Amino acid sequence: MLLKILILLHLVGAAVWVGGHLVLALSVLPKALREKNPEVLKSFEERYEKAGIPSLVLQAVTGLWIASIYVSPAEWFSFSDRAHIHIGLKLIFLSATLLLAVHARLFIIPVLNTKNLPWLALHIVMMTIIALAMLFTGFNFRMEVL
Ligand code: HEM
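Residues numbered from 1 in each chain as written. Predicted model: local features only at pLDDT ≥ 70, side-chain atom pairs only at ≥ 80, totals over all residues. Heavy atoms only, no water.

Trainee: Looking at this structure, I do not really get the coordination of the iron atom of the ligand. What am I missing?
Mentor: Tetrahedral metal sites with four donors have an ideal angle of 109.5 degrees; octahedral sites with six donors have ideal angles of 90 or 180 degrees. Ligation of the iron atom of the ligand by protein atoms is provided by H10 (NE2) and K90 (NZ), these donors lying 1.9 to 2.0 Å from the ion. The site at the iron atom of the ligand holds six donor atoms, and with the angles between them running 77 to 177°, its shape is octahedral. With a gap of 80 residues between them, H10 in helix 1 (residues 2–34) and K90 in helix 3 (residues 82–108) connect regions that are remote in the sequence. Judged by its relative accessible area of 16%, H10 is buried. On the basis of relative accessible area, K90 is assigned to the partly exposed category, the value being 23%. (Donors = N, O, S within 2.8 Å, 3.2 Å for Na, K, Ca; no water. Tetrahedral: all angles 85-135°; square planar, octahedral: opposite > 155°, others 65-115°. Helix = DSSP H or I, 4+ residues; strand = E, 2+ residues; numbered from the N terminus. Buried < 20%, exposed > 50% of the residue type's maximum accessible area, 1.4 Å probe, protein only.)

Trainee: Before we go on, may I ask you to explain the packing of helix 3 against helix 4 (residues 117–143) in this structure?
Mentor: Helix-helix packing is described using two parameters, namely the angle between the two axes and the distance between the axes. Where helix 3 contacts helix 4, the axes come no closer than 10 Å and their chain directions differ by 160°. The orientation of helix 3 with respect to helix 4, classified from their angle, is roughly antiparallel. Handedness of the helix 3/helix 4 crossing: left-handed. In the contact of helix 3 with helix 4, the residues fall into 17 nonpolar, seven polar and two charged. (Axes fitted to C-alpha atoms, helices over the stretch in contact; angles between N-to-C directions. Parallel < 35°, antiparallel > 145°, perpendicular 65-115°, else oblique. Left-handed = near helix turned anticlockwise from the far one by under 90°. Nonpolar A, V, L, I, M, F, W, Y, C, P; charged D, E, K, R; others polar.)

Below, the structure is given as structure tokens:
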């Protein structure tokens, strides 16, 4: 029962995190680039942040908990079989997400202007690709497509 509840919460977090990034990358970002207007991104960011950050925390907590049910934490980076590879990949993607988010928040967003807008755009595209990779890795864990 615990695993089922954790997976349900994990799916809710995935919907908010991946959904929010798809809206950002496919709708808000093109508008900001077209109009060369960083304010479009800032105002979305301020509103989405309230759901986006809790959803990422939820993903990390539920994901690590689920992973520890399947594989002992001491073996998380052993890449020795399918389950270990999936968990190792998820942890690499999570680290990349955190690095990109901290870099954007500390070095780009505080000085955001029309000149460095393309750098934030690159971050958004990379974060969205990684979010989709996280989703596919999770889906593939059980579905065994690859
Ligand atoms: C934004 C980040 C993440 C997204 C979008 C995401 C998405 C998903 C999705 C859609 C599933 C499929 C659930 C199912 O139907 O079984 C899943 C499963 C899984 N995720 Fe994540 N995940 C994220 C982060 C993490 C993290 C940080 C970990 C920690 C290692 C993790 C570990 C797992 C595991 C072990 C499963 C397999 C659960 C099962 O099938 O029993 N995830 N994830």
